[in-house]
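Results of the structural survey
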Amino acid sequence: MSTWLSPVVLAVIAARIVAGDASAPTLVAIVVGAGLVSLLVAGRVVLTPSRATTLPLLVALVLVLAANLVVLGDLFRLLGSTREAGIGAGVVLALGAGGWAVLDRWGRVMTPLGVMLVVLPLGLVVAAAGPPWTAWQVVASRAALTFGQGSAWVTHGGALGDRARLTFREPHRVEAASAATWRVVERDASHVAVREWRLGAGDALTLRPGDELAVDPGALVRFEAGRRVPGAPPSGMVWADGRPRKMRETLVAVGGTALTLVVGGLALTPAVPVAGMTAIVAPTVLLAFAVGGSLWGLYGVALAPELSLVPRAFAPLLEIVTRVGASRWRDTLIALVVTGILVLFVGLAVTWRARLALACAELAGAFQRPAPSRLALFGAAAAVVGLAGALAVRGGDPWALFMWGLGLAAATAVAPRLAAAGPRGELFGTVVGTATFLVVLFGGDRLPPLLAAVVDYPALAAAPLAWLAARATRQPS
Amino acid sequence: MVFLVLGGGVALSVAPYELGTIRLAGVSLLWWYGTVAAPVVTASVTIAALLYAAYRRKAPASEGTGSRGSTTSLPRPE
């Protein structure tokens, strides 16, 4: 269950709500549904890796871990450190979870503890800013989402995300809070011009509607109070109702997310049935996590709409805590939230280690070697964590990495296994699933229209094809 | 049941006349459904199903309840 309760999911739920993504409420329901399905089938659908599925499962584990390392990097950057420091801390934590035997016993407590730490400060936020439905109505009735007088983006300046490009809808005087190169794309009816400036701290530029601004990574930018936040929904009503999308796009987005999270997650389903208090605690924790994540996003946009400038990070959590907490409690609250996120990551790493051990045992069996020793398992974990760390340092969209990881598991391991087609059928299904997944992922513009429609959700095409291929080549029993 | 509830969210997202944007107590129907109704209903149903399954597993075999009959594991192919 810790896969759905991992830091990347929390960050994405909050960020999508801040950004006014129309599918955000559905994403909350899908995350809860996927976690619950894994609890319901725990012990029934046991997906032990086979020779055919071991390698894709290892790649999926690397991608899921890398996605979480990327958001830990973002978290550390928000705390004033560097991305690399956050990723390094995550690597150490993941390796610690891989080599620390005591976590075998206490690992199951980590995720609920992390959720509690992340959700608890929301009580303070609700007490300070009013109940969620009131906050929602206040945001939905705003004529525009603007920078507040006390916003850090107005007083001190803030750093935009990597490769961020801001499009302005109204004239806006923007100031450099640190020396950097600014690139502005000016779009007129007749031509497009790209201009570059080297600005020192305190220098300003006035941007016109339609202008697009890009700055060096890490450069601090200061905005004008009362102006619309570039990139944010134009009004509260648009935020509340979401930007209109075509029905086909909505169906692909929701269907692709649901299939990837539900089916891919089966590869990481617990091997023992859920019983006793866990039957009550696990769904409740899942519910608290998803609802808590959406509340962080809601209060984020209510108190600091400029948070949409730094999507896919833990900005809503940290920003809101600093705004509502009394100054003497601020550091404690931030420490609480950060500890919660790190504990969630350790919970994921414990599950991840168990899956890695299964895959390594299967690989050893395939080469007719004895079961790997503790040291060999640690070595394998170090290699895989190192790969995930290297991938995270390269950067990218953590949600895409997470979806690719679970999508690959869905298409290459779960779908062929669900076909119950025997070793030959499963191998064939895995090959077809992998090939389709890679073609959709890297096909780009060369894809036929049917596959191009699902380019963001490769599992949507690859999983059904893998299942069909496995069924078509199954051995008669 | 879980899939049915998820399907409801999808239906609400693509429903005609922007049904999901209708306000209920000031908050849109899609928000109520996605962040409150669907998660609470599915979690409640899951808790009930898990408790019932655990009860059936515990029930003594002598009572003829077929306590392990519902398991449909998918072992790896040998």
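Treat the numbers as computed from the prediction; the structure is a model and nothing was measured.

Considering the overall build of chain B
From N to C terminus, chain B includes two helices and two strands. Secondary structure elements of chain B occur, N-terminal to C-terminal, as α-β-β-α. The buried share of chain B, reckoned over its 78 residues, is 36%. Considering only intrachain contacts with a sequence separation of at least 6, the fraction spanning at least 24 residues in chain B is 30%.

Concerning the overall build of chain A
Tallying secondary structure elements over chain A gives 18 helices and eight strands in all. Taking 23 Å as the expected radius of gyration for a compact globule of 477 residues, we find that chain A reaches 23 Å, a close match to that expectation. Taking the principal axes of the C-alpha coordinates as reference, chain A spans close to 70 × 55 × 40 Å. Evaluated residue by residue, chain A yields a buried proportion of 55% over its 477 residues. Entry remark: accessible area of chain A is about 19400 Å², with carbon and sulfur atoms responsible for 64%. Of the charged side chains in chain A, 38 are positive and 25 negative; the average position of the first set lies 10 Å away from that of the second.

Considerations on helix H15 (residues 398-418) of chain A
Residues and elements named next belong to chain A. Over its 21 residues, H15 runs 28 Å from end to end, which matches the ideal 30 Å to within 8%, given 1.5 Å per residue. Maximal helix bending in H15 amounts to about 40°, located at Ala410. For H15, the capping residue at the N-terminal end is Asp397, with a side-chain oxygen 3.0 Å from the backbone nitrogen of Trp399. Ala420 lies just past H15 and shows a positive phi near 45°.

Things to note about the side chain of Thr35 of chain B
Of note, Thr35 of chain B is situated in helix H2 (residues 29-58). Exposure remark for Thr35 of chain B: the relative accessible area of 9% places this residue in the buried category. Reaching out from Thr35 of chain B, the side chain makes a polar contact with the backbone oxygen of Trp31 of chain B at a distance of 2.6 Å. Ignoring any residue separated from it by four or fewer positions in sequence, one finds Thr35 of chain B in contact with Pro25, Val28, Val291 and Ser294 of chain A.

Observations regarding the interface of chain B and chain A
The partner chain A presents 50 residues to the 38 residues of chain B that form the contact. Between chain B and chain A lies a buried interface of about 3600 Å² when both sides are counted; carbon and sulfur atoms form 74% of it. The interface formed by chain B and chain A contains one salt bridge. Linking chain B with chain A are two residue pairs in polar contact (both at pLDDT 80 or more). Looking at the side of chain B that touches chain A, the elements that each hand over two or more residues are helix H1 (2-14), strand S2 (27-28) and H2 of chain B. Across the side of chain B that touches chain A, the residue classes break down as 21 nonpolar, 13 polar and four charged.

Re the pattern of salt bridges
Opposite charge on two side chains allows them to pair when their charged atoms are near. All names here are of chain A. Applying the stated rule across the entire model yields 15 salt bridges over all chains. Across the pair Arg16 and Asp21 runs a salt bridge, and its minimum N-O distance is 3.8 Å. Each member of the salt-bridge network shares a partner with another, and the members are Glu186, Arg195, Arg208 and Asp211.

Here we look at the packing of helix H1 (residues 7-19) of chain A against helix H11 (residues 278-303) of chain A
Residues and elements named next belong to chain A. Relative orientation of the contacting elements H1 and H11 amounts to 40°, with a least axis distance of 7 Å. When the axis of H1 is compared with that of H11, the two are oblique. Note that H1 runs across H11; the crossing there is right-handed. Between H1, through Val9, Leu10, Ile13, Ala14, Ile17 and Val18, and H11, the contact on the second element is made entirely by Phe289, Ala290, Gly293, Ser294, Trp296, Gly297, Leu298, Gly300 and Val301.

Focus on the confidence of the model for chain B
Residue and element names in this part refer to chain B. Here chain B averages 76 in pLDDT, and 76% of its residues register 70 or above. The spread of mean pLDDT over the elements of chain B runs between H1, the lowest at 79, and S2, the highest at 90. Confidence estimates for the predicted assembly give a pTM of 0.88 and an ipTM of 0.84.

Things to note about the nonpolar core
Residue and element names in this part refer to chain A. Within the largest apolar cluster, 158 residues are counted, with the highest numbers of intra-cluster contacts made by Trp182, Trp239, Leu261 and Trp296. Of the residues forming this core, the biggest block, 16 residues, is contributed by helix H13 (residues 327-366). When near neighbours in sequence (up to four residues on either side) are disregarded, Leu261 contacts Trp4, Ile30, Val31, Ala34, Trp399, Phe402, Met403 and Leu406. Core analysis: the next-biggest nonpolar cluster, separate from the first, contains five residues, Leu408, Phe437, Leu441 and Ala462 among them.

Description of the pairing of strand S7 (residues 212-215) of chain A
All names here are of chain A. The side-chain alternation of S7 yields two buried faces, one formed by Glu212 and Ala214 and the other by Leu213 and Val215. Here strand S2 (residues 166-167) runs beside S7; their pairing, made up of two bridges, is antiparallel. What sits directly across from Leu166, in S7, is Leu213. Examined bridge by bridge, strand S4 (residues 180-187) and S7 share four bridges and lie antiparallel to one another. Following the sheet pairing, Arg183 is matched in S7 by Ala214.

A short note on H1 of chain A
Residue and element names in this part refer to chain A. In this model H1 runs 18 Å from its N-terminal to its C-terminal C-alpha over 13 residues, within 8% of the 18 Å that 1.5 Å per residue would give. Burial analysis of H1 places 11 of its 13 residues in the buried class, which makes it a mostly covered element. Within H1 the residues assigned to the buried category are Pro7, Val8, Val9, Leu10, Ala11, Val12, Ile13, Ala14, Ala15, Ile17 and Val18. Remark: Gly20 follows H1 within two positions and exhibits a positive phi of approximately 75°.

Quick look at the side chain of Glu170 of chain A
Residue and element names in this part refer to chain A. Positionally, Glu170 belongs in the loop between S2 and strand S3 (172-176). Among the polar contacts made by the side chain of Glu170, one reaches the main-chain amide nitrogen of Arg228 at a distance of 2.6 Å. Filtering out sequence-adjacent residues up to four positions away, Glu170 remains in contact with Leu207, Pro209, Arg227 and Arg228.

Parameters and conventions
- Residues numbered from 1 in each chain as written.
- Chains lettered and ligands numbered in written order.
- Predicted model: local features only at pLDDT ≥ 70, side-chain atom pairs only at ≥ 80, totals over all residues.
- Heavy atoms only, no water.
- Helix = DSSP H or I, 4+ residues; strand = E, 2+ residues; numbered from the N terminus.
- Buried < 20%, exposed > 50% of the residue type's maximum accessible area, 1.4 Å probe, protein only.
- Contact = heavy atoms within 4.5 Å.
- Rg over C-alpha atoms; globule rule 2.2 N^0.38 Å.
- Areas by Shrake-Rupley, 256 points an atom, 1.4 Å probe, with all protein chains shown as cover.
- Lys, Arg positive; Asp, Glu negative; His and termini not counted.
- Charge placed at Lys NZ, Arg CZ, Asp CG, Glu CD.
- Expected span 1.5 Å × (residues − 1).
- Bend = angle between axes of the 7 residues up to and from the residue.
- Polar contact = N/O pair within 3.5 Å; in protein donor to acceptor, adjacent residues only side chain to side chain.
- Buried area = accessible area lost by both parts, 1.4 Å probe.
- Salt bridge = Lys/Arg side-chain N within 4 Å of Asp/Glu carboxyl O.
- Nonpolar A, V, L, I, M, F, W, Y, C, P; charged D, E, K, R; others polar.
- Axes fitted to C-alpha atoms, helices over the stretch in contact; angles between N-to-C directions.
- Parallel < 35°, antiparallel > 145°, perpendicular 65-115°, else oblique.
- Left-handed = near helix turned anticlockwise from the far one by under 90°.
- pLDDT = per-residue confidence, 0-100.
- Core = buried A, V, L, I, M, F, W, Y, C linked by side-chain atoms within 4.5 Å.
- Pairing = 2+ DSSP bridges.

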